[in-house]
Amino acid sequence: ADIFAEALRARGHAAFVMQAEIPDRGTYYRVRIGPFDTMGEAESYRATFEQEERMNTYVARRRDGEEG
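A brief structural summary. (Residues numbered from 1 in each chain as written. Predicted model: local features only at pLDDT ≥ 70, side-chain atom pairs only at ≥ 80, totals over all residues. Heavy atoms only, no water.)

**Here's the deal with the overall build of the protein chain**
Point 1. In terms of regular secondary structure, the protein chain is built from two helices and two strands.
Point 2. Beginning at the N terminus, the succession of helices and strands in the protein chain can be written as α-β-β-α.
Point 3. Overall, the C-alpha framework of the protein chain stretches about 35 × 25 × 20 Å when taken along its three principal axes.
Point 4. Of all 68 residues assigned to the protein chain, the portion counted as buried reaches 19%.
Point 5. Taking all contacts inside the protein chain whose residues are at least 6 apart in sequence as the whole, residues at least 24 apart take part in 28%.
Point 6. As displayed, the protein chain offers around 5400 Å² of accessible surface, 46% of which is attributable to carbon and sulfur atoms.
Point 7. In the protein chain, 10 side chains carry a positive charge and 13 a negative one; their mean positions are 4 Å apart. (Helix = DSSP H or I, 4+ residues; strand = E, 2+ residues; numbered from the N terminus. Buried < 20%, exposed > 50% of the residue type's maximum accessible area, 1.4 Å probe, protein only. Contact = heavy atoms within 4.5 Å. Areas by Shrake-Rupley, 256 points an atom, 1.4 Å probe, with all protein chains shown as cover. Lys, Arg positive; Asp, Glu negative; His and termini not counted. Charge placed at Lys NZ, Arg CZ, Asp CG, Glu CD.)

**Here we look at the pairing of strand 2 (residues 26–33)**
Point 1. Where strand 1 (residues 15–22) meets strand 2, eight bridges bridge the pair, whose relative direction is antiparallel. Within strand 2, the position partnered with Val17 by the bridge is Val31.
Point 2. In textbook terms, the turn of a hairpin is the stretch between consecutive antiparallel strands, and for strand 1 and strand 2 this stretch comprises three residues, one of which, Asp24, has a positive phi near 65°. (Pairing = 2+ DSSP bridges.)

**Observations concerning the pattern of salt bridges**
Point 1. For the structure on display, the rule yields three salt bridges.
Point 2. Glu50 is the salt-bridge partner of Arg46, the closest N and O atoms lying 3.5 Å from each other. Separated by four residues within a single helix, Arg46 and Glu50 lie in helix 2 (residues 39–53), roughly one turn from each other.
Point 3. The exposure class assigned to Glu50 is partly exposed, which follows from its relative accessible area of 22%.
Point 4. Each member of the salt-bridge network shares a partner with another, and the members are Glu43, Arg46 and Glu50. (Salt bridge = Lys/Arg side-chain N within 4 Å of Asp/Glu carboxyl O.)

**Looking at the environment of Ala14**
Point 1. Along the polypeptide, Ala14 turns up in the loop between helix 1 (2–10) and strand 1.
Point 2. Take Ala14: its relative accessible area is 44%, and that puts it in the partly exposed class.
Point 3. Counting along the chain gives 20 residues from Ala14 to Gly34, while the straight-line C-alpha distance between them is 5.7 Å.
Point 4. Excluding its chain neighbours within four sequence positions, the residues that come into contact with Ala14 are Arg32, Ile33 and Gly34.

**Notes on the packing of aromatic side chains**
Point 1. In the structure shown here, the tally under the stated rule is one aromatic pair.
Point 2. An angle of 45° between the planes, with centres 5.1 Å apart, marks the rings of Phe36 and Tyr45 as tilted. (Phe/Tyr/Trp six-rings, centres within 6.5 Å; stacked < 30°, edge-to-face > 60°.)

Worth remembering: the numbers are spatial, not functional.
Now the structure itself:
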């Protein structure tokens, strides 16, 4: 995840890694880009990102207390 996020940052994206503890599955590391001020801004970035990077993505709402 760190290497992938670093590669995205090198291409100009504000990428970072978040750790998530999933019950009965262990630790997962998620690469995210942002934050964005509005959902519309995030969706617009997503559309451009998917076209340029040729990756499928989704927009996740940041929860209270989450950094990034």
